[in-house]
Amino acid sequence: MLSILAQAASGWANLDEFLFIAMPYAVIVLFLFATIRRFIGDKFTYSSYSSQFLENKHQFYVAVPWHFGIISLFLGHLIGFLVPRGVLWWNQVPLRLYIIELGALIFAVSALFGLVNAVLRRVNNSRVRIVTSRMDFIIILMLLFQVLSGMYVAVFDRWGTNWFAGVLAPWLWSLFKLNPDISAVRDLPLSVKLHIVGAFLIFAVFPFTRLVHVLVVPITYLWRLPQQVIWNRKGRTPSQQQ
Amino acid sequence: MDVRAQVSMVFHLDKCIGCHTCSIACKNIWTDRRGTEYMWFNNVETKPGTGYPTQWENQDKYKGGWEVSGGTLRLKSTSKAKYLPNIFHNPTMPTMDDYYEPWTYRYQDLFNSPPGDDQPIARAVSMVTGEPMEIKAGPNWDDDLGGSPIYASNDVNLSAVTEQQRQQLNALERLVFFYFPRICNHCLNPACVASCPSGALYKRGEDGIVLINQKRCRAWRSCVSACPYKKSYYNWNTGKSEKCLLCYPRLETGQAPACFHSCVGRIRYLGVLLYDADRINEVAKLPQDKLIDGQRDLILDPFDPKVIEGAKKNGMTDEFIQFAQRSPVYKFVKVWKIALPPHLEFRTLPMLFYVPALLPVLGSTENDIYKSNTKPEDIFHKFNEMRVPMEYLANLFAAGDVNKMNYTLRKLMAVRVFKRAQTVGDIPMATALETLAQADTNEKEAEAIYRMTALPTFAQRFVIPPLAREVAIEAYKDPQEHKKEAGFGFTIEPKRGL
Ligand code: HEM
Ligand code: SF4
Ligand code: SF4
């Protein structure tokens, strides 16, 4: 990887290599190292830092549309990455293509609405301002950029779902297989490149923001028993544990 | 039978003078940090009144506690289907405005103002934002009724009280109220624990104390909504919920919890109850009119050999069982049956019990002349004209069952009549004995109730079992080693993250 970095540094011609090979790897390493370190060393700070307690009404128009939008979009990207062929197959019929393109746009509008409200709420409400850190603003603005660039791509560089599956998924897979191939990515329009770089930058700052709450989403609640009893005394049978 | 121990509590409301010493003791130890200023793990409410947070008993609004639907017990506030949407925006969570915005004063202004014609003042500033604020509410805004019936009339326990009684209460309301100190009930079927998506809350096996693991809490806020007593609080600064810990570091070293220890009226009792954990769910599901008896049944007799055997099987030592046998809580709740749980209809099986306040009409005026009623028929007859209606007290402490409340109050009154006959002598002893019999009690029990109520020593009020955490640890680790590693919990300062 060091050699790749050195190569990348050798000139603007290699900027693509830096952005689409070196940076992704650097970001993945940083992401894993920093989130794990924070989880082990300072677990106390893994929290969503909800501010609903301080302000209840506007919070609804932040958290609900934002998460509805972003979680759907995130899952959409994940599907495009995991089963690109399935997406291409689905998109063969124009009507089906329009349905997911329109769906994605609706989710994006929802996310954008939530984010804009997040900024307004954090600026206008004096209580919420108190619990807003520098990193909160940075990450919200980065997410805002990400959603806006994504929407630009969706509207002006059609059809995103197709070339995500056709071009980006193979490139991402090539990164994962440690055999990076950026030939297709080189020719993408600037808007798409900005969207990709933005995504990796978000992953880079992720461990240092409240976004870590995404890693501790409590799915175990779906199957755990209602009551939890913990014993200090050793040697109890599992049934007694409950 | 799965015999478990619960460190349980009794508060004797007739002894509470409403001084808030308990609240202050607790605040000084546990909630004087940023983000916790508004929390009162221990608070003292005036009843009738709306309490803290406002109207916490109104579960149509807050959806706390459990309900039985289709034969199963369900949380009112959340479910496996609802918990995720609730995380983003919890529709029934109280906000700071339902409690109050904590404030302080700019005392420095008193010293630093330039000389002038006016007296300098210390302005109230919010402890959240630091900005000047107008104080509109506090944790005890309607303390001693706040001089007005406005708050009291919003008390949800008045629902069963007739319009006529309400009017009487209003006419007399400046004369009658009582205090209702509250801490976490360390419930047997805690709604807070069951609601937590992260599983951060848990009940300790050995003593039943309900705690929140601060490292697993992620600010999903479910417990705040689910606890019908609103005894789990959200720390807006650290992004963690916090609650009464029954001062376990004190209990583990043999000391009474701070609010108990400092109680001026000596209203508080603490001791172990043994109960059958296998039957918790079954009892919590009982129809409302069976709940009080059901919970009493759940509590086991610590002298019963079968119970002792079960207790030993679950690792309780002989010494521990002896403490359960001496527990004052056991006597109040199970033997004398004069301590009742608050709002058992919330179905969390609270383990803090209250001896209700006696607020009878002991006198009447005829032609402007005061006449006292000391004849038992008068006293018991006048029960129906109590200054606080029986229905009200029953709503609060007997899951709405007036008979249970009647039984309790009769017995408490009979003890008084008996002691009056004994010490003052203006009531014939024969009458007193008759009163005792009518109240399902006898001389011996009355004497015991009197002693435990009026003359208990520190050691009789607080029968703190040997929790022997160090022994439990010894079983798997060198305690010295453990002390080095674990200490009091945190090695990094627990402060808000990025
Ligand atoms: C199922 C997964 C998720 C859960 C359960 C969740 C939960 C939460 C909660 C409880 C809050 C606090 C809201 C409040 O103030 O009350 C929050 C805030 C936030 N979440 Fe999530 N989240 C999830 C996924 C995500 C994802 C995927 C992202 C973006 C990459 C994200 C970004 C944010 C941001 C930026 C905020 C701050 C909003 C504000 O300014 O108030 N979350 N999340
Ligand atoms: S009173 Fe509330 S916080 Fe305490 S154990 Fe019961 S449900 Fe939980
Ligand atoms: S037991 Fe301790 S933590 Fe709980 S209310 Fe009393 S003083 Fe506070």
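Definitions and cut-offs
- By convention here, each chain's residues receive numbers from 1 onward along its written sequence.
- Chain letters start at A and ligand numbers start at 1, both assigned in the order the entries are written.
- Since the coordinates come from a predicted model, pLDDT governs what is reported: local features require at least 70, and pairs of side-chain atoms require 80 or more to be given and counted, while whole-chain, interface and lining totals use all residues.
- Values shown for side chains rest on all heavy atoms present in the structure; no hydrogens or waters enter the calculation.
- Secondary structure is summarised from DSSP: a helix means a run of H or I of at least four residues, a strand means a run of E of at least two, and numbering begins at the N terminus for each.
- Relative accessibility thresholds used throughout: buried, under 20% of the residue-type maximum; exposed, over 50%; partly exposed, between the two (1.4 Å probe, protein chains only).
- Throughout, a residue-residue contact means that at least one pair of heavy atoms, one from each residue, lies within 4.5 Å.
- Here the Shrake-Rupley method, with its probe set to 1.4 Å, supplies the accessible areas, and only the displayed protein chains count as covering residues.
- Counted charges follow a simple rule, with Lys and Arg positive, Asp and Glu negative, and His plus the chain ends left uncounted.
- Charged side chains are reduced to one point each, which is NZ for Lys, CZ for Arg, CG for Asp and CD for Glu.
- For each residue, the test is whether any non-hydrogen atom lies within 4 Å of the molecule or strand; if one does, the residue is near.
- Nitrogen and oxygen atoms within 3.5 Å of one another constitute a polar contact, given that in protein one can donate a hydrogen and the other can accept it, and given that sequence-neighbouring residues count only through two side-chain atoms.
- Water is not among the atoms examined, so metal sites may look incomplete; donors are the N, O and S atoms within 2.8 Å of the metal, or within 3.2 Å for Na, K and Ca.
- For four-coordinate sites, all angles between 85 and 135 degrees define a tetrahedron; for four- and six-coordinate sites, opposite donors beyond 155 degrees with the remaining angles between 65 and 115 define square planar and octahedral shapes respectively, and all other cases count as irregular.
- Residues were grouped as follows: Ala, Val, Leu, Ile, Met, Phe, Trp, Tyr, Cys and Pro as nonpolar; Asp, Glu, Lys and Arg as charged; and all remaining residues, including Gly, as polar.
- Between N-to-C directions, angles cover 0 to 180 degrees, with each direction set by a line fitted to C-alpha atoms, over the stretch in contact for helices.
- Here is the rule for handedness: rotate from the far helix to the near one, and if that takes an anticlockwise turn smaller than a right angle the crossing is left-handed, while a clockwise turn gives right-handed.
- Take the accessible area each of two parts loses on contact, using a 1.4 Å probe, and add the two losses: that sum is the buried area.
- What counts as a salt bridge is simple: a side-chain nitrogen of Lys or Arg found within 4 Å of a carboxyl oxygen of Asp or Glu.
- The criterion for strand pairing is that DSSP finds at least two bridges linking the strands in question.
- Throughout, disulfides are identified as pairs of cysteine sulfur atoms within 2.5 Å of each other.
- Confidence of the predictor in every single residue is expressed as pLDDT, which spans 0 to 100.
- Pairs were defined over the aromatic rings of Phe, Tyr and Trp, the Trp ring being its six-membered one, requiring ring centres within 6.5 Å. Orientation was assigned from the angle between planes: stacked under 30 degrees, edge-to-face over 60, tilted for the rest.
- Any Lys NZ or Arg CZ found within 6 Å of a ring centre and within 35 degrees of that ring's normal is scored as a charge over the ring.

1. Comments concerning the overall build of chain A
Of regular secondary structure, chain A possesses eleven helices and one strand. N-terminal to C-terminal, the α/β element order of chain A is α-α-α-α-α-α-α-α-α-α-β-α. Counting only C-alpha atoms and orienting by the principal axes, one finds that chain A spans roughly 60 × 45 × 40 Å. In chain A, buried positions account for 47% of the 242 residues. Contacts spanning at least 24 positions in sequence make up 74% of the contacts within chain A whose residues lie at least 6 apart. Summed over all atoms, the accessible surface of chain A reaches about 13,000 Å², with 73% contributed by carbon and sulfur. One way to put it: in chain A the 20 positive side-chain charges average out to a point 17 Å from where the 9 negative ones average out.

2. As for the site of ligand 1
If you check the shell around ligand 1, you find 23 residues, and the closest are Ser50(A), Gln59(A), His67(A), Arg122(A) and His213(A). Flanking ligand 1 are residues from chains A and B. Between Ser50(A) and ligand 1, the recorded distance is 2.6 Å, taken from a side-chain N or O atom to an oxygen atom. Here Ser51(A) contributes a backbone N or O atom positioned 2.9 Å from an oxygen atom of ligand 1.

3. Structural notes on the coordination of the iron atom of ligand 1
Geometry reference: four tetrahedral donors at a metal, ideal angle 109.5 degrees. Six octahedral donors, ideal angles 90 or 180 degrees. Residues and elements named next belong to chain A. At 1.9 to 2.0 Å from the iron atom of ligand 1 lie its protein donor atoms, namely His-67 (NE2) and His-213 (NE2). With six donor atoms in place around the iron atom of ligand 1 and angles of 84 to 179 degrees between them, the coordination shape is octahedral. Separated by 146 residues along the polypeptide, His-67 in helix 3 (residues 57-82) and His-213 in the loop between helix 10 (190-205) and strand 1 (229-230) bring together distant segments of the chain. Each member of the pair, His-67 together with His-213, is buried.

4. Let's talk about the site of ligand 2
Contacts to ligand 2 come from Cys184(B), Asn185(B), His186(B), Cys187(B), Pro190(B), Ala191(B), Cys192(B), Val210(B), Cys227(B), Tyr229(B) and Lys243(B). Considering only residue class, the shell around ligand 2 consists of eight nonpolar, two polar and one charged.

5. Here's the deal with the packing of helix 3 of chain A against helix 5 (residues 94-124) of chain A
Residues and elements named next belong to chain A. Between helix 3 and helix 5, whose axes approach to 7 Å, the crossing angle comes to 145 degrees. Like other packed secondary-structure pairs, helix 3 and helix 5 cross with a definite hand, here left-handed. Here helix 3 contributes His-58, Gln-59, Tyr-61, Val-62, Pro-65, Trp-66, Phe-68, Gly-69, Ile-70, Ser-72 and Leu-73 to the contact with helix 5, which in turn contributes Ala-104, Phe-107, Ala-108, Ser-110, Ala-111, Phe-113, Gly-114, Leu-115, Asn-117, Ala-118, Leu-120 and Arg-121. Here the contact of helix 3 with helix 5 is built from residues that sort into 15 nonpolar, seven polar and one charged.

6. A short note on the interface of chain A and chain B
Between chain A and chain B, the residue contacts involve 55 residues of the former and 65 residues of the latter. Overall, the association of chain A and chain B removes approximately 5,300 Å² of surface from exposure, summing both partners, and the carbon and sulfur fraction of that is 56%. It is Phe44(A), Phe53(A) and Tyr221(A) that lose the most area in chain A upon contact with chain B, and together they represent 18% of the buried surface on that side. One salt bridge in this structure joins Glu101(B) and Arg127(A), with 2.6 Å as the shortest N-O distance. Of all the elements in the fold, those that place two or more residues in the side of chain A that touches chain B are helix 2 (15-41), helix 3, helix 6 (126-130), helix 7 (134-156) and strand 1 of chain A. Top contributing element to the side of chain A that touches chain B by residue count: helix 3 of chain A, with six residues. Classifying every residue of the side of chain A that touches chain B gives 25 nonpolar, 19 polar and eleven charged. Note that strand 1 of chain A and strand 8 (residues 201-204) of chain B share two bridges and pair parallel.

7. Details of the state of the cysteines
The bond known as a disulfide is covalent and runs between the sulfur atoms of two cysteines. Scanning the entire structure with this criterion turns up zero disulfides over all chains. Just so you know, Cys196(B) is unpaired, no disulfide at all, and the nearest cysteine sulfur is the one on Cys223(B), 6.4 Å from it.

8. What to know about the sheet that holds strand 14 (residues 352-355) of chain B
Ordered by their spatial adjacency, four strands build an open sheet running 13-12-1-14 (chain B), and the pairing between neighbours is mixed. Two strands in the sheet have a free side with no partner beyond their single neighbour: strand 13 (299-300) and strand 14 of chain B.

9. Comments concerning the confidence of the model for chain A
All names here are of chain A. Mean pLDDT for chain A: 89, with 91% of residues reaching 70 or above. Between the elements of chain A, mean pLDDT differs from a low of 38, seen in helix 11 (residues 238-241), to a high of 96, seen in helix 6. A low-confidence stretch, residues 237-242 (pLDDT under 50), is modelled with eleven contacts involving residues beyond four sequence positions or located in other chains.

10. Looking at unusual backbone geometry
Cis geometry is adopted by the peptide bond preceding Trp159(A), which originates at Arg158(A) and carries an omega value of -15 degrees. That bond from Tyr52(B) to Pro53(B) is cis: its omega, -5 degrees, falls within 30 degrees of zero. Within the secondary structure, Pro53(B) sits in the loop between strand 2 (43-47) and helix 2 (59-62). Positive phi values are uncommon outside glycine, yet His343(B) reaches one of about 45 degrees. Position of His343(B) among the secondary structure elements: in the loop between helix 16 (328-335) and strand 14. Even without glycine at this site, Arg347(B) takes up a positive phi of about 65 degrees. By the secondary structure assignment, Arg347(B) is in the loop between helix 16 and strand 14. Judged by relative accessible area, which is 10%, Arg347(B) ranks as buried.

11. Details of the packing of aromatic side chains
This model, assessed by the stated rule, comprises 40 aromatic pairs over all chains. Considering the side-chain rings of Phe31(A) and Phe206(A), the 5.0 Å spacing of their centres and the 55 degrees angle between planes classify their relative orientation as tilted. On the criterion of sequence distance, the pair formed by Phe31(A) in helix 2 and Phe206(A) in the loop between helix 10 and strand 1 is long-range, its members being 175 residues apart. Here Phe31(A) matches Phe206(A) in class, with each residue buried. Seen from their ring centres, Tyr100(B) and Trp103(B) are 6.0 Å apart, and the 85 degrees between their planes marks the pair as edge-to-face. Overall, the relative accessible area of 6% leaves Tyr100(B) in the buried class. The cationic tip of Arg158(A) hangs over the ring face of Trp159(A); the distance from NZ or CZ to the ring centre is 5.3 Å. Over the aromatic face of Phe44(A) sits the side chain of Lys240(B), whose NZ or CZ is 4.8 Å from the ring centroid.

12. Points about the pattern of salt bridges
When the charged atoms of two side chains lie near each other, side chains of opposite charge can form a pair. Applying the stated criterion across every chain, the model contains 23 salt bridges over all chains. With a shortest N-O distance of 3.0 Å, Asp136(A) and Arg210(A) are connected by a salt bridge. Within this pair, whereas Asp136(A) is found in helix 7, its partner Arg210(A) is found in the loop between helix 10 and strand 1, the two being separated by 74 residues in sequence. Neither residue differs from the other here; Asp136(A) and Arg210(A) are each classed as buried. The salt bridge partner of Lys47(B) is Asp155(B), with a shortest N-O separation of 3.2 Å. With Lys47(B) in strand 2 and Asp155(B) in the loop between helix 6 (149-152) and helix 7 (163-172), the pair connects residues that are 108 residues apart, well separated along the chain. A relative accessible area of 4% means that Asp155(B) is categorised as buried.

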